Amino acid sequence: MSLYDDTVLVLKRYEDQPELRQAYLDHLSAHGDAGMWKSCTDGHVTASALVVDPSRGRVLLTLHKKLRMWLQMGGHCEPGDASLAAAALREATEESGVPGLTLLAGGPVRLDRHPIPGPCTQHLDVQYAALAPVDAVEAISDESLDLRWFAYDEVADVADESVVRLVAATGARLP
């Protein structure tokens, strides 16, 4: 199964945010496989994952090098990604430096469409949550200025509303 086909199936199974979900599906229908890749200037699908340590009630955020904002780990899909979930897990692992992450069961936690600086106009982000192993140790990647653990209730003080919504949605899904 192609990454495009997997993404369409993931979105069709996603039950929340019906209008935004349909906008993603319409985008993919209009652009086909090209709608998955950075080269699609009308926007493209991205995959991200909020790294969570539920035992300590905290999340790991990256201070994004280009945007200079505290965000979850994530980015562009790559041709070698077997699935959208695999892309999110790869991005989370690469950007956090934490080995042994596992995605929270149940598929994506949220969708978030946001504008980006040109030449592309928007990211159609499919957001997962990744569970950190006990005593996870992070390592800053080339894409980050900093990595830091934040208690759930501290996120609103440092991050934008999209990250706050992702933390809340993830919290609602945690056992």
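The following refers to the structure shown. (Residues numbered from 1 in each chain as written. Predicted model: local features only at pLDDT ≥ 70, side-chain atom pairs only at ≥ 80, totals over all residues. Heavy atoms only, no water.)

Remarks on the packing of aromatic side chains
The description of two aromatic rings rests on the distance between their centres and on the angle between their planes.
For step 1, the next point in the chain: Applying the stated rule across the entire model yields one aromatic pair.
For step 2, the next point in the chain: Taken together, a centroid distance of 5.1 Å and an interplanar angle of 75° make the contact between Trp70 and Phe150 edge-to-face. Pair noted here: Trp70 is in strand β3 (residues 70-71) and Phe150 is in strand β8 (residues 144-151), with a separation of 80 residues, a long-range link.
For step 3, the next point in the chain: For Trp70, a relative accessible area of 11% corresponds to the buried category.
For step 4, the next point in the chain: For Phe150, a relative accessible area of 5% corresponds to the buried category. (Phe/Tyr/Trp six-rings, centres within 6.5 Å; stacked < 30°, edge-to-face > 60°. Helix = DSSP H or I, 4+ residues; strand = E, 2+ residues; numbered from the N terminus. Buried < 20%, exposed > 50% of the residue type's maximum accessible area, 1.4 Å probe, protein only.)

Let's talk about helix α5 (residues 161-173)
Note that an α-helix has 3.6 residues per turn; residues three or four places apart therefore point the same way.
For step 1, the next point in the chain: Under the 1.5 Å per step criterion, the end-to-end length of α5 is 18 Å for 13 residues, consistent within 8% with the ideal 18 Å.
For step 2, the next point in the chain: For α5, the full list of buried residues reads Ser162, Val163, Leu166, Val167, Ala169 and Thr170.
For step 3, the next point in the chain: Looking at the buried positions of α5, the neighbouring elements they touch are β1 (44-53), β2 (58-64), β3, β6 (110-115), β7 (122-131) and α4 (155-158). (Expected span 1.5 Å × (residues − 1). Contact = heavy atoms within 4.5 Å.)

Overview of the pairing of β1
For step 1, the next point in the chain: Extensive coverage of β1 is indicated by the burial of 10 of its 10 residues.
For step 2, the next point in the chain: Of the two faces of β1, both are covered, the one formed by His44, Thr46, Ser48, Leu50 and Val52 as well as the one formed by Val45, Ala47, Ala49, Val51 and Asp53.
For step 3, the next point in the chain: Sheet analysis places β1 next to β7, joined by nine bridges and oriented parallel. Looking across to β7, one finds that Leu50 is bridged to Ala129.
For step 4, the next point in the chain: As defined by bridge partners, β1 adjoins strand β4 (residues 73-76) across four bridges and the pair is classed as antiparallel. When the bridges of β4 are listed, Ser48 appears paired with Gly74. (Pairing = 2+ DSSP bridges.)

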